[in-house]
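# Per-entry structural report
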Amino acid sequence: MIETATLADEPLLSPALLAQLERMELVSRKIFRGRMKGERRSKRKGQSVEFADFRNYVPGDDLRFIDWNLYARLDKLLLKLFLEEEDLHFYSLIDVSESMRFGTPTKLHYAKQLAASLGYIGLCRSDRVKIEALDGAAASGAPVFRGKRSLGRMVDYVQSIDTSANVPLADAVKAFCLRNRGKGILVLISDLMDKTGYDAALKFLVAQNMDVYVIHVLSQEEIDPEILGDLKLVDCEDHDTAEISVSQRLIDRYRATLAAYIEQTRDFCQRRGIVYTMTSTERSVDRLVSRYLRHQGLVR
Amino acid sequence: MNWFDSALAGPQWLLLGLVPVAIFLLYFLKLRRTPVEVPSTFLWTKALEDLHVNSLWQRLRRNLLMFLQLLLALLLLISCLRPGCQGTQLQGTRFVFLVDQSASMSATDTTSGQSRLDFAKDEAIKTIDRMKKGDSAMVIAFSDVSRTIQSYTTNGSLLKNKIRSIRQTQRSSDIIEALNAASGLANPGRTSDRASGRDVQVAESKPATMFIFSDGAVKEVPEFFLGNLTPEYRPIGSFEPPNNVGIIALSVSDPIENDSQLQCYARLFNSDDQDHSVKVTLNVEGDIFDAQSVDVPRNGAVGLVFDLNSLLSGLDQPRRIHLVIEDDDVYMQDNEAWSVINPPRESNVLIISAGNEYLDLVTETSRITEVANVFREDVGFVGSEKYEEQTTLGFYDLVIFDGCAPDKMPLCNTVFWGSAPPGEDWKVAKVTEPTSIIDTNASHPLMLASQMTNVNVLKSSVIEGPKGSVSLVDASDGSIMRLGTRGGFQDLVIGFAMQTITEDDEVAINTDWMTKLSFPIFIQNTMMILGNGKNYQASVGGQPGELLKFRTSLPFDTVNVIGPEGRKTKLLPRPDKTFVLNDTSRSGLYAIQAPVQDSVDIVLPVNLFDRNESNVVVRDKMTLGYKELAGEIASEPTRQQYWMWFLLLALVILVLEWYIFNKRILL
């Protein structure tokens, strides 16, 4: 049974959740060169205390890494390789369109909680954490957080994110990509309810050669609508209307359309190496992180 | 061309016209959907697949149900307008429809095989369909009488219903009464203004077109003035002479006058232009008595004789005679005829006289005693109790008052010979002499074969009778013998006595008539006609629709009449103990029986016997006044009605609407 998510007025990260998150770390499927040395053993071999392998000495190698003990025993110059510990760029993009205000708790609150959770995991591993609202602004006011000390600032910043003017997802992502050239892990948290489509946005992200995760957040009302009667549905973003007379057949057809949409998105992502996860706001964040995202390989 | 023929009145149209408006309003009231804000209509619209279609069609589709409902209402409205075409409108604003319902209209020689009357009704209805809105018309049905079935109205449905209600009769035709009714408003009467002595029009004349739907077998009406009536004759039937042989006469001879022979005479008429041979059967009391095969020449008549002598013995009841032409033809009513042989009846005649040997002598002859029982009483008998009783109860058929008169008239026929009847009706002038007879009414049955020119009369009185009395003998000063009617009785008053008593109490002869041959003949005629002398002749009968006046053998308080269809009706007598039968609409025999009687008292035959009706050839011309109308047998252009198609389409729309509604709900 799915545990009910925390309510909107609760703190984004509860102590229990923080304790759980502290034991996790973000995993990148790609080798990225961090700008600063972090607490992460990257797949790149480098200078650290953790031994990785030996290799033959070739001229030009740093003499400091020759294993003289082996030279004494084998009379061969072998070079000691260590796993390099480095920092990771972690980006969390939160869709702040009007449609994110829906659901109990709201999809936006859920997205903020998730972004904060993943951000905290990054902070604990001294990763470079950046959480951005997709408001299409050319200059981002989003600060970069690093180290556990930044938790308070990060939570405050995330708390301050609110819905803004409706900007097409593609435009907002494009603006982000232009600002952030760096590589790393990118988690896009959105309901993907953009009538212009999500394709362009995801293609921008893929082009950045980032390790992209899409977390598709839907409210329970969207997954299983409980409406009745002759209704005029008004789109909260573009105020478009759709007149419907609710019947079981219409509901069934809506569910089928939604399932097809999710399946289509998953397929789109899979083809482009994007990890796609669909979640409901009724699924708790810790459960999503500890079970689903761990299963997806984003955290361990 | 009149495309629409409204079935509704103004206010009804107004109500119906509000229906589309109401649908429109109600639809939009219904369409007020509850607005619900959703994160995105993206998936919903995708689910509905609505955004993929053209916006105009989209709007139309969104309101499809309303459009269908409006279309449905429109179709219903058009249906109520009863669209149609192929009819030409009638010219004019007022119409009169004269529909012939006489016997000959039952002929079935129309193209459709229905009767002429049914065909005429259909044609009249088609003509009504061609009337413009606001035109008024009246309907008159006529046979020998006319009946205004519907006075002027603009209501076409009412006119058509009234025309459908016209029933076939078995009567003859006489159009004049119907024409008079039709011209009532078209030619209003004029009256003379007494002050100025001029003719004044009493009302404004309203010209009208008169359609006569008839086979033309009507009596000519040369005196009729059409005035503002424009007649149109629509002959009904076939101009080809139809196959019809009919009985136009049937009678039974009197054996007393016919050498003791009882015979039945019939006359058949063939209106076809081909000779026909028909089989004729004579039934007596329902059993076949005789049959003959008769050749009837084209457009001619032939006589038939049936010998009925075998019926003479034991004839104590009226015998019903039924003559039938066994061969079917287009007009069946004249293929049957009825008559009756009544048993001979002896009459009772009372002569009240101070003594008249001439009268005694002539009434003692075998010829008279054969037909009547003659009683003789003295003058003093008048006023006696027995006289009162016998004359009140109808014991006597005839009382002859010779030189005397009672205080009041007896309830029987009377002859006053040289005396004045009581009451104010008759006026007998003073006796004058000499008298010269100048004329005799030889055509009257009483004076049949009575030659009076050689009769001399000395003294006589001029007689004035009641209204309707006829003079039988005229002298130089006026009528000296008159016959008048009194209820069901007849009174003969003769203004001269046979003999007078002189001042010396001697009998003096006043006339030499008694020595002439005409005297016994006159007495015999009197005994037969006024005394209802013994005879076999058929009872009084008549034509369908005629009033039949009859007298029963005894003065009954009530009698039952059993008609040709077996229907029994009760009849009460008039004060003079006679009965009048007015319901004689059908041909056949009407049996009269008193409740106290075991057997039928009288049987009255009713037959049309109209050569004009039996001649079922349709007349192509009809003469009304000085105008001769020519008619063509042509079916009226039928109005093609389309409203049922519109109604059917409306039904289809309704089914479609139901389907779409259900599909939307279950989507």
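Along each chain, the written sequence defines residue order, and numbers are assigned to residues from 1. Chains and ligands are labelled by the order in which they are written, letters from A for the one and numbers from 1 for the other. Residue-level local features of this predicted model are given only where pLDDT is at least 70; pairs of side-chain atoms are given and counted only at 80 or more, and the full residue set underlies all totals for whole chains, interfaces and linings. No hydrogens and no water enter the side-chain calculation; it runs on all heavy atoms of the structure.

### A closer look at the overall build of chain A
Put simply, the rule reads: Numbering goes from the N terminus for both helices and strands, where a helix is a DSSP run of H or I of at least four residues and a strand is a run of E of at least two. When a residue's accessible area, from a 1.4 Å probe over protein chains only, is under 20% of the maximum for its type it is buried; when over 50% it is exposed; and in between it is partly exposed. Contacts between residues were defined by any pair of non-hydrogen atoms, one from each residue, lying within 4.5 Å.
The helix and strand tally for chain A stands at nine helices and 10 strands. With 300 residues in all, chain A has 54% of them scored as buried. For chain A, the proportion of contacts with a sequence separation of at least 24, taken over those separated by at least 6, is 77%.

### Remarks on a nonpolar patch on the surface
Residues and elements named next belong to chain B. So the rule is basically this: Candidates for patches are residues over 30% relative accessible area with no salt bridge; among them, like charges are joined within 9 Å and nonpolar side chains (Val, Leu, Ile, Met, Phe, Trp, Tyr) within 5 Å. Using the Shrake-Rupley algorithm and a 1.4 Å probe, accessible areas are obtained, with residue cover drawn only from the displayed protein chains. Salt bridge, as applied in this entry: a Lys or Arg side-chain nitrogen positioned within 4 Å of an Asp or Glu carboxyl oxygen.
On the surface, Leu 76, Trp 643, Met 644, Trp 645, Leu 647, Leu 648, Leu 651 and Leu 654 cluster together into a nonpolar patch covering about 760 Å² of accessible area. Among the elements that make up the nonpolar patch, the one with the highest residue count is helix H13 (residues 643-666) (seven residues). One can find Leu 654 in helix H13.

### A few points about the interface of chain A and chain B
The line we're drawing: When two parts are put together, the accessible area they lose, computed with a 1.4 Å probe and summed over both, is reported as buried area.
Residue-level contacts link 31 residues of chain A with 22 residues of chain B. In this assembly, chain A packs against chain B so that about 2900 Å² is buried in total across both faces, 65% of it on carbon and sulfur atoms. For chain A, the biggest contributors to the area lost against chain B are Glu 243, Arg 253 and Tyr 254 of chain A; these three give 19% of the whole. At the junction of chain A with chain B, the criterion picks out zero salt bridges.

### So, the pattern of salt bridges
Residue and element names in this part refer to chain A. Scanning the model with the defined rule gives 29 salt bridges over all chains in all. A salt bridge links Arg 255 to Asp 224, with the nearest nitrogen and oxygen atoms 2.4 Å apart. Remark: Asp 224 occurs in the loop between helix H7 (220-223) and strand E8 (230-235) and Arg 255 occurs in helix H8 (residues 248-271); sequence separation between them is 31 residues. Within the structure, one salt-bridge network assembled from shared partners comprises Lys 195, Asp 235, Asp 238 and Asp 240.

### Notes on the pairing of strand E17 (residues 347-353) of chain B
Residue and element names in this part refer to chain B. Operational definition: By the convention used here, strands pair only if DSSP detects at least 2 bridges between them.
Of all seven residues in E17, seven are buried; the element is thus mostly enclosed. Judged by which residues are buried, E17 turns out to be covered on both faces: Ser 347, Val 349, Ile 351 and Ser 353 on one side and Asn 348, Leu 350 and Ile 352 on the other are all buried. Sheet topology note: the E17/strand E18 (residues 372-377) ladder contains six bridges and is parallel. Counterpart to Ile 352 in the pairing with E18 is Glu 377. Bridging between E17 and strand E19 (residues 398-402) involves five bridges; their strand directions are parallel. Bridge pairing in E19 places Ile 352 opposite Phe 401.

### A closer look at empty space enclosed by the protein
Residues and elements named next belong to chain B. Using the following cut-off: The distinction between a cavity and a pocket rests on a 1 Å grid over the protein atoms alone: a 1.4 Å probe fits inside a cavity but cannot get out, while a pocket stays open yet meets protein on both sides within 12 Å along at least five of seven lines, and a residue with an atom within 4 Å of a point counts as lining. Grid points are joined across faces, edges and corners, and a volume is the space filled by probe spheres set on the points. Asp, Glu, Lys and Arg are counted as charged, while Ala, Val, Leu, Ile, Met, Phe, Trp, Tyr, Cys and Pro are counted as nonpolar; the rest, among them Gly, fall into the polar class.
Scanning the model with the defined rule gives four cavities of 30 Å³ or more in all. There is about 80 Å³ of room inside the largest cavity. If you trace the largest cavity, you find it lined by Ile 247, Tyr 331, Gln 333, Asp 334, Glu 336, Ala 337, Ser 587, Asn 607, Leu 608, Phe 609, Asp 610 and Ser 614. Looking at the lining of the largest cavity, its residues break down into five nonpolar, four polar and three charged.

### Description of the confidence of the model for chain B
Selection rule: The quantity known as pLDDT measures the predictor's confidence residue by residue, on a range of 0 to 100.
On average, residues of chain B carry a pLDDT of 83, and 89% of them reach 70 or more. With pLDDT under 50 throughout, residues 50-54 of chain B is counted as low confidence; its partners more than four residues away or in other chains account for five contacts.

### A closer look at the environment of Leu 117 of chain B
All names here are of chain B. Relative to the elements of secondary structure, Leu 117 occurs in helix H5 (residues 116-129). Given the relative accessible area of 2%, Leu 117 is considered buried. Non-local contacts of Leu 117, meaning those with residues more than four positions away in its chain, are made with Val 99, Asp 100, Gln 101, Met 105, Ile 166, Arg 167 and Gln 168.

### Concerning the sheet that holds strand E3 (residues 89-95) of chain A
The strands making up a sheet are joined through hydrogen bonds of the backbone, oriented either antiparallel or parallel. Residues and elements named next belong to chain A. Defined as follows: Note on definitions: angles span 0 to 180 degrees between N-to-C directions of axes, and those axes are lines fitted to C-alpha atoms, for helices only across the stretch in contact.
The mixed open sheet is built from six strands, whose spatial order is E5-E4-E3-E6-E7-E10. Either end of the sheet is taken by a strand with one partner, and the two such strands are strand E5 (144-145) and strand E10 (275-280). Here E3 runs beside strand E6 (residues 185-190); their pairing, made up of five bridges, is parallel. When the sheet's bridge partners are listed, Leu 93 is paired in E6 with Leu 188. Helix-sheet contacts for helix H3 (residues 107-124) involve E3, strand E4 (128-134), E5, E6, strand E7 (211-218) and E10, and the interaxial angle to E3 is about 175 degrees.

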